[in-house]
Amino acid sequence: MHVHLAGFNVDTQLVDLIRQIIDEHSHGTPGSKRITELLQKLAEEPITPETLSAAYARISRSSKGIRELRRDARASVNRARRSNETIVFELGHSSIAEHAVFNLDITGASRLVLEALEAHRLASYTEASQRYIPMSGDFFVPDEILKTGLEWEFSEVCQAQFKCYADLIEILTKFHSEIPESERDVKAREDARYVLPLACRGQVGVTINARTAEQMVRSFNQSHLSEVRLMGSQIHEEVRSIVPSLIRYVEADSGIDLADREMARSAYDLIPVIEINSTAEVELISSPTDGESIALASILFQSGKYSFSQAKRAVDKLSHIETQQLIANSHTYLHSFDSVRRDLELGSFTFSITLSASAFAQLKRHRIASLITQDYDVELGCTEPPNIKDANGSVLFNEAMNRATEMYKKLIEKLKPKETAAASYVLTNAHRRRVIFQANARELTHFSRLREDEYAQWDIRNIAHKMIELARDACPGLMQFACGKDQFAERKQQLFS
Ligand SMILES: Cc1cc2nc3c(=O)[nH]c(=O)nc-3n(C[C@H](O)[C@H](O)[C@H](O)COP(=O)(O)OP(=O)(O)OC[C@H]3O[C@@H](n4cnc5c(N)ncnc54)[C@H](O)[C@@H]3O)c2cc1C
């Protein structure tokens, strides 16, 4: 795995200077006095976003204009750094660090390490898709597994998974012979990738600010996976020389491990017997009891000078249908690319979901949500893509699953107690875990627009469909605009005809 700093934000004064030098060079005399002066000026310009965060930090206390504050900060980087340190770390005005932004190329990282990365919500990611890109057979062998002496066996299982992937692509491509050739490969890969290991390498472009970077490095240092810790140290290495004044607290905290162990003991005392098949694939744990009336009261509250309780009393006199209709009426403007009103954020839904690693990879990308995860659990079985079954690929698929599960169990036996998390590298995109996912009605409507759509991948589409059905049954008024993009025009027509 390699982390490379691809970019960061700088004051445009620096960019203007570079432009002037280029202009002077192309229109004036190369090597002229003017160019020398400009180059001298450029050499004195600080190349760091710290001057931006220091200048913005002073906005709240200084009567100077922002441009002047930026000029002051650029005039003395050392002073800007001291100011950042005082304001961010001494005074705790940490959001100042968010004005420094980085772009990072992360290459050769396993799917498992990317899960740890993308668990951080206040960041942007674009990852190579296993649906659109054929996988070459490149996988990661972690140090933890090297230490067990089982690395050859582990590698053999991973290689067999890639071989099975290639065989399934062949079977599925034939199976899809009736669809256009251009779509056939994507369709085949979409399902064949379920047998790929979580050790499979990928790449991702990440945009983060210095505050998120610090939190990432700290949490990665805490990880039980050495690859995650390595990613943390590489991110730290890349950003700390650019913004030394904005990154400070990166050390792991042994108290967290201690608390986790304590909780595992308490859980064992409280719940001595584990029920494996007791949970449905998607379960609604909680929904807002008065969500529709609160959302409508909030909409009325915004439209006038009433207190919230006055608006709520008025709404409480309406029938459920009237409430629903008024919420719909407040959205007559809505296009498929618009968010529903912010008032719908006042109602949240919590789900317990058992899902494949492949579906999880997509669910975790929705950031305006709370996502609590358990480790992968081989007892939860695997998700077999229906097309593999229909194309008579089940025998191959099940063989790959069984081999991965057996190897996982073997690794659990051999790995050091603190390093058992590394056994998950051999599990596949089809292996399952349980998560708790909470989101408000506004985010769920957005989620549905993307994930119930015809272009959505089938696994996440099925899960999204079950989640939205449950949420709509509980609060139809809040979820009335939830549907895939492809269904939006029809849904709007139904609501307003
Ligand atoms: C069909 C399909 C194919 C996809 N293919 C790929 C792929 O190949 N590679 C890949 O990496 N991802 C892929 N994705 C994931 C996609 O890029 C998004 O990361 C994911 O769908 C989450 O949705 P979102 O970004 O709209 O918003 P969410 O994270 O659900 O957030 C909800 C809303 O909050 C706002 N928001 C959240 N965070 C920010 C922010 N930082 N800045 C500004 N606004 C923000 C936006 O308005 C956003 O719509 C795919 C998604 C779909 C549906």
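Our subject is the structure listed above.
Below you will find a few notes about this structure. It should be emphasised that the depicted structure is a prediction, and the values quoted were computed from it without experimental measurement.

1. Points about the environment of Ala 439
At step 1: Turning to its location among the elements, Ala 439 is positioned in strand E8 (residues 432–440).
At step 2: Ala 439 sits in the buried class, given a relative accessible area of 2%.
At step 3: Through-space distance from the C-alpha of Ala 439 to that of Gln 302 is 23 Å; in sequence the pair is 137 residues apart.
At step 4: If sequence neighbours within four positions are ignored, Ala 439 has contacts with Gly 347, Ser 348, Phe 349, Ile 368, Ala 369 and Leu 444.

2. Overview of the sheet that holds strand E4 (residues 201–209)
At step 1: The strand order across the open sheet built from 4 strands is E1-E2-E4-E3, with neighbouring strands paired in antiparallel fashion. Of all strands in the sheet, those bounded by a partner on one side alone are strand E1 (2–8) and strand E3 (124–127). Strand after strand, the sheet turns through a mean of 20 degrees between neighbouring axes, direction not considered.
At step 2: Where E1 lies against strand E2 (residues 101–110), 6 bridges are found, and the strand directions are antiparallel. Across the sheet, residue Gly 7 finds its bridge partner in E2, namely Asn 103.
At step 3: With respect to the sheet, helix H6 (residues 111–118) is in contact with E2, E3 and E4, its orientation differing from that of E2 by roughly 155 degrees.

3. With respect to the site of the ligand
At step 1: Surveying the vicinity of the ligand reveals 14 residues, the closest of which are Glu 127, His 366, Arg 367, Glu 443 and His 446.
At step 2: Separating an oxygen atom of the ligand from a side-chain N or O atom of Glu 443 is a distance of 2.6 Å.
At step 3: His 446 places a side-chain nitrogen or oxygen 2.8 Å from an oxygen atom of the ligand.
At step 4: Looking at the shell around the ligand, the elements that each hand over two or more residues are E3 and helix H19 (441–451).

4. A look at the nonpolar core
At step 1: Ile 106, Leu 117, Phe 154, Ile 235, Ile 353 and Leu 444 are the most contacted members of the largest nonpolar core, which has 116 residues in total.
At step 2: Top contributing element to this core by residue count: helix H8 (residues 151–175), with 8 residues.
At step 3: Contact partners of Phe 154, with chain neighbours within four places excluded, come to Phe 139, Phe 140, Val 141, Pro 142, Ile 145, Ala 199, Met 407, Leu 411, Tyr 425 and Val 426.

5. Comments concerning the packing of aromatic side chains
At step 1: For the coordinates displayed, the defined rule picks out 8 aromatic pairs.
At step 2: Consider the rings of Phe 140 and Tyr 425, whose centres lie 5.7 Å apart with planes at 50 degrees: the pair is tilted. In this pair, Phe 140 is assigned in the loop between E3 and helix H7 (143–148) and Tyr 425 in the loop between helix H18 (394–414) and E8, connecting sequence segments 285 residues apart.
At step 3: In this structure Phe 140 comes out as buried when scored by relative accessible area, which is 12%.
At step 4: For Tyr 425, a relative accessible area of 0% corresponds to the buried category.
At step 5: Geometrically, the ring pair formed by Phe 481 and Phe 496 is tilted, given 6.3 Å between the ring centres and 40 degrees between the ring planes. Of this pair, Phe 481 sits in the loop between helix H20 (458–474) and helix H21 (488–496) while Phe 496 sits in helix H21, and the two are 15 residues apart along the sequence.
At step 6: Connected via pairs of aromatic rings, a cluster forms that spans Phe 139, Phe 154 and Phe 162.

6. A short note on empty space enclosed by the protein
At step 1: Evaluation of the coordinates by the stated rule reveals 1 cavity of 30 Å³ or more.
At step 2: Computed from the structure, the largest cavity encloses a volume of approximately 60 Å³.
At step 3: Lining the largest cavity we find Arg 111, Leu 114, Glu 115, Glu 127, Leu 198, Ala 357, Ala 361, Lys 364 and Asn 429.
At step 4: Among the elements of the structure, H6 and helix H16 (357–363) are those that each provide at least two residues to the lining of the largest cavity.
At step 5: For the lining of the largest cavity, the leading source of residues is H6, giving 3 residues.

7. A look at helix H13 (residues 291–303)
At step 1: The terminal C-alpha atoms of H13, which comprises 13 residues, lie 19 Å apart, in line with the 18 Å expected from a rise of 1.5 Å per residue.
At step 2: All of the buried residues in H13 are Gly 291, Glu 292, Ser 293, Ala 295, Leu 296, Ala 297, Ser 298 and Ile 299.
At step 3: Contact partners of the buried residues in H13: helix H14 (308–316) and helix H15 (320–329).

8. Comments concerning H19
At step 1: With 8 of 11 residues buried, H19 is to be regarded as a mostly interior element.
At step 2: Contact partners of the buried residues in H19: strand E6 (348–356), H16, E8, H20 and H21.
At step 3: One side-chain oxygen of the residue at the start of H19 lies 3.0 Å from the amide nitrogen of Arg 442, identifying that residue as Asn 440.

9. Regarding the layout of surface pockets
At step 1: Computed from the structure, the second largest pocket encloses a volume of approximately 450 Å³.
At step 2: What lines the second largest pocket is a set of 22 residues, and nearest its centre among them are Ser 129, Arg 131, Gln 362, Arg 365 and Arg 451.
At step 3: The class makeup of the residues in the lining of the second largest pocket is 7 nonpolar, 6 polar and 9 charged.

10. Details of the packing of H13 against H15
At step 1: Remark: H13 packs on H15, axes separated minimally by 10 Å, with the N-to-C direction vectors making an angle of 45 degrees. Taken as axis vectors, H13 and H15 run oblique relative to one another. Regarding H13 and H15, the two cross each other, and that crossing is left-handed. Across the interface between the two elements, Glu 292, Ser 293, Ala 295 and Leu 296 from H13 touch His 320, Thr 323, Leu 326 and Ile 327 from H15.
At step 2: The residue makeup of the contact of H13 with H15, split by class, is 4 nonpolar, 3 polar and 1 charged.

Each value, and the rule that gives it
- Here the residue numbers are simple positions, counted from 1 along each chain's written sequence.
- Residues qualify for local features only when their pLDDT is at least 70, as the model is predicted, and side-chain atom pairs are given and counted only at 80 or more; totals for whole chains, interfaces and linings, by contrast, use all residues.
- No hydrogens and no water enter the side-chain calculation; it runs on all heavy atoms of the structure.
- Think of it this way: any DSSP run of H or I at least four residues long counts as a helix, any run of E at least two long counts as a strand, and we number them from the N terminus.
- Residue burial is assigned from relative accessible area. The probe radius is 1.4 Å, only protein chains are included, and a residue is buried under 20% of its type maximum, exposed over 50%, and partly exposed in between.
- Throughout, a residue-residue contact means that at least one pair of heavy atoms, one from each residue, lies within 4.5 Å.
- Pairing between strands is defined by DSSP: at least two bridges between them are needed.
- Simply put, an axis is a line fit to the C-alpha atoms, just over the touching stretch for a helix, and the angle between two N-to-C directions goes from 0 to 180 degrees.
- The cutoff for a nearby residue is simple: one of its non-hydrogen atoms must lie within 4 Å of the molecule or strand.
- Think of a polar contact as two N or O atoms within 3.5 Å of one another; within protein, one of them needs to be a possible hydrogen donor and the other a possible acceptor, and neighboring residues in sequence only count if both atoms come from side chains.
- The nonpolar core is taken to be a set of buried Ala, Val, Leu, Ile, Met, Phe, Trp, Tyr and Cys residues, with the residues joined through side-chain atoms within 4.5 Å.
- Geometry of aromatic contacts follows a simple scheme: Phe, Tyr and Trp rings, the Trp one being its six-membered ring, pair when their centres are within 6.5 Å, and the pair is stacked under 30 degrees between planes, edge-to-face over 60, tilted otherwise.
- A pocket, in this scheme, is an open set of points on a 1 Å grid over the protein atoms alone with protein on both sides within 12 Å along at least 5 of 7 lines, while a cavity is a set where a 1.4 Å probe fits but cannot get out; residues line either one if an atom lies within 4 Å of a point.
- Grid points are joined across faces, edges and corners, and a volume is the space filled by probe spheres set on the points.
- Between the first and last residue of a helix there are one fewer steps than residues, each counted as 1.5 Å, and that sum is the expected span.
- Each residue is assigned to one class: nonpolar for Ala, Val, Leu, Ile, Met, Phe, Trp, Tyr, Cys and Pro, charged for Asp, Glu, Lys and Arg, and polar for all the others, Gly among them.
- Note that the term roughly parallel is reserved for angles under 35 degrees, roughly antiparallel for angles over 145, roughly perpendicular for angles of 65 to 115, and oblique for everything else.
- Crossing handedness is defined as follows: a turn of the near helix away from the far one that is anticlockwise and smaller than a right angle gives a left-handed crossing, while the clockwise case is right-handed.

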